[in-house]
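Close look at the chain arrangement
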Amino acid sequence: MAETGPQDADTPQIARLKPYFHALEKGKSYFWCACGRSKSQPFCDGSHRGTRFRPITYVAKEDGEEVLFCGCKQSCDKPFCDGAHNNLPGAYALDDPESAENRAVPTVAADASGKALLDGGCYVRSIQDRLLKSRGTVKFGPMITAADGAKFQSLFYIEAARGASPVAAFGERDVILFVSAGKGAIEVSGRRFAAGENAGVHVRPGEAFRIHNDADAPMKVFAAACPLADDIAWAETMPANFDAAHPDRVVALDPAMRVSMGARFFQLLVDKRIGSTVVTQFIGEIPLSKAAPHRHLYEESLLVLSGGGRMWTDGRKAAVAAGDVIFLPRKQIHSLECTDPAGMMLVGVIYPGDNPSINY
Ligand code: FES
């Protein structure tokens, strides 16, 4: 146990600067240690006697339920991790990309489809213009699908020339759009929203969307569909089924909304505040550094907006540059390194999940 916390009886001790992963048994009660003094972390062993703390009971809802119990005892979502450990002194660990061990890790090159395959199905993919299909004003192509090993989310690239695009739909799925270049409007089931570079847009299950580009420069849009879809269903007519119970659909970049995670920053774009309850989009900034290897319980897609670096898994690494997409399966150990002194900007979609700062 990392005895890094204060010792008085009114303050929880930090048991560990990261959470504890557990797969639970349905109906079983788990007694999470709130005081941080237990020798059987993350569970209570009675060591809280004499303090103001009592264990928190959690009854597992299903067999195999995978959870991350808080180790730092600072979470606002007790007994689970909420990422609070990342901002404790010394907690956001970095890795040395030039260590002897890391120097021995081979670099994977992209294949003819632009895909550099890493461990566990993780990969880096660049857009190959020659592989895009055309329909009306758009060129489009898949970046992440079930054929790539995705289980939860798909990602499609759509490049729209001047004019109104055909209508795109993904059935009863949440669709999260990101405008990576250009400026115009996104129409969601008959309601039109102005959307410029770095805007996130939520299309609710059952709705459809199209891109209105009034400029000569193309509008570049990435569409994440959750749960995953094989392809975009195109149509010529727009349904009039906009869900007016959720009128706010566009979230723009706002430096005032940035939150820190160690030396990194992120801003939530589309999330539960505008009605997206199981899928979350964020935009992040990474300084020149390599994070220590870690995992997430969610599946993640990342689009590099600026800067460059390398994506690392257990025993491989691949270069990443602006415009590349990274697919990260659940629980795959990884580390994203920024090699650009000016930093790296990226946008991510996590599903299922609502907090991109939870790692283990
Ligand atoms: S030992 Fe920590 S709450 Fe019981």
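Details of the structure are given in the entry above.
This report concerns the structure included in the present document. (Residues numbered from 1 in each chain as written. Predicted model: local features only at pLDDT ≥ 70, side-chain atom pairs only at ≥ 80, totals over all residues. Heavy atoms only, no water.)

Next up on the list: the overall build of the protein chain. Looking only at helices and strands, the protein chain features one helix and 29 strands. Computed over C-alpha atoms, the radius of gyration of the protein chain comes to 22 Å, within 12% of the 21 Å expected from 2.2 N^0.38 for 360 residues, which places it in the range of a compact globule. The principal-axis extent of the C-alpha atoms belonging to the protein chain is close to 70 × 50 × 40 Å. The long-range share in the protein chain, meaning contacts at least 24 apart out of those at least 6 apart in sequence, stands at 69%. For the protein chain, the accessible area works out to roughly 15400 Å², and carbon and sulfur atoms hold 53% of it. (Helix = DSSP H or I, 4+ residues; strand = E, 2+ residues; numbered from the N terminus. Rg over C-alpha atoms; globule rule 2.2 N^0.38 Å. Contact = heavy atoms within 4.5 Å. Areas by Shrake-Rupley, 256 points an atom, 1.4 Å probe, with all protein chains shown as cover.)

Along the polypeptide, Val 270 turns up in the loop between strand 21 (264-268) and strand 22 (280-286). Residue classification places Val 270 among the buried positions, given a relative accessible area of 0%. On a C-alpha basis, the gap between Val 270 and Val 250 in space is 7.5 Å, while along the polypeptide they are 20 residues apart. In contact with Val 270, other than residues within four places in its own chain, are Ile 176, Gly 200, Val 201, His 202, Val 251, Ser 276, Val 279, Thr 280 and Gln 281. (Buried < 20%, exposed > 50% of the residue type's maximum accessible area, 1.4 Å probe, protein only.)

Another point: the state of the cysteines. In the structure shown here, the tally under the stated rule is zero disulfides. Unpaired in terms of disulfides, Cys 226 finds its nearest cysteine sulfur in Cys 122, a separation of 17 Å. On the basis of relative accessible area, Cys 226 is assigned to the buried category, the value being 1%. (Disulfide = S-S within 2.5 Å.)

One recurring pattern in soluble globular proteins is that nonpolar side chains are buried together. In terms of nonpolar packing, the biggest core is built from 27 residues, with Ile 158, Phe 170, Leu 177, Ile 186, Phe 209 and Ile 232 touching the most fellow members. Counting only elements with at least two residues in this core, the list comes to strand 8 (138-144), strand 9 (154-160), strand 12 (174-181), strand 13 (184-188), strand 14 (191-195), strand 15 (200-203), strand 16 (208-213) and strand 17 (219-226). Ranked by the residues each element gives to this core, the list is headed by strand 17, at four residues. Of all hydrophobic cores here, the second largest spans 25 residues; its members include Ile 144, Ile 176, Ala 224 and Val 251. (Core = buried A, V, L, I, M, F, W, Y, C linked by side-chain atoms within 4.5 Å.)

This part is about unusual backbone geometry. For the peptide bond that leads from Lys 78 to Pro 79, omega is 10°, which places it in the cis range. At the junction of Cys 226 and Pro 227, the peptide bond is cis and its omega measures out at -5° in the coordinates. Its place among the elements puts Pro 227 in the loop between strand 17 and strand 18 (233-235). Phi is positive for Asn 198, which is not a glycine, with a value near 75°. Considering the arrangement of structural elements, one finds Asn 198 in the loop between strand 14 and strand 15.

The strand order across the open sheet formed by eight strands is 5-6-27-24-29-22-21-20, and the pairing between neighbours is antiparallel. Both edges of this open sheet fall to strand 5 (115-117) and strand 20 (259-261), since each of them pairs with a single strand only. Sheet twist, expressed as the mean angle between neighbouring strand axes with direction ignored, is 25°. Summarising the sheet, strand 20 and strand 21 pair through three bridges and their orientation is antiparallel. Across the sheet, residue Ser 260 finds its bridge partner in strand 21, namely Phe 265. (Pairing = 2+ DSSP bridges. Axes fitted to C-alpha atoms, helices over the stretch in contact; angles between N-to-C directions.)

A separate point is the packing of aromatic side chains. Throughout the structure, instances matching the rule amount to 13 aromatic pairs. Here Phe 156 and Phe 170 contribute two aromatic rings whose centre-to-centre distance is 5.5 Å and whose plane-to-plane angle is 40°, an arrangement assigned as tilted. With a gap of 14 residues between them, Phe 156 in strand 9 and Phe 170 in the loop between strand 11 (167-169) and strand 12 connect regions that are remote in the sequence. Each member of the pair, Phe 156 as well as Phe 170, carries the same accessibility label: buried. Here the aromatic rings of Phe 193 and Phe 242 are separated by 5.9 Å at their centres, their planes lie at 40°, and the arrangement is tilted. Note that Phe 193 is positioned in strand 14 and Phe 242 in the loop between strand 18 and strand 19 (250-251), a separation of 49 residues in sequence. Each member of the pair, Phe 193 as well as Phe 242, carries the same accessibility label: buried. The ring of Trp 312 carries the charged tip of Lys 290 above its face, separated from the ring centre by 4.6 Å. (Phe/Tyr/Trp six-rings, centres within 6.5 Å; stacked < 30°, edge-to-face > 60°. Lys NZ or Arg CZ within 6 Å of the ring centre and 35° of its normal.)

Let us look at the sheet that holds strand 7 (residues 133-135). Spatial ordering of the open sheet is given by 7-8-9-17-12-15-19, a layout of seven strands whose pairing is antiparallel. Each edge of the open sheet is held by one strand with a lone partner, namely strand 7 and strand 19. Where strand 7 and strand 8 come together, three bridges link them in antiparallel fashion. Residue pairing for strand 8: Ser 134 is matched across the bridge by Lys 139.

It is worth spelling out the environment of Phe 156 at this point. Using a relative accessible area of 0% as the deciding quantity, one classes Phe 156 as buried. In this structure the C-alpha to C-alpha distance between Phe 156 and Ile 144, which are twelve residues apart in sequence, comes to 6.9 Å. Discounting chain neighbours no more than four positions away, the residues touching Phe 156 are Gly 141, Pro 142, Met 143, Thr 145, Phe 170, Val 221, Phe 222, Ala 223, Ala 229, Asp 230, Asp 231 and Ile 232.

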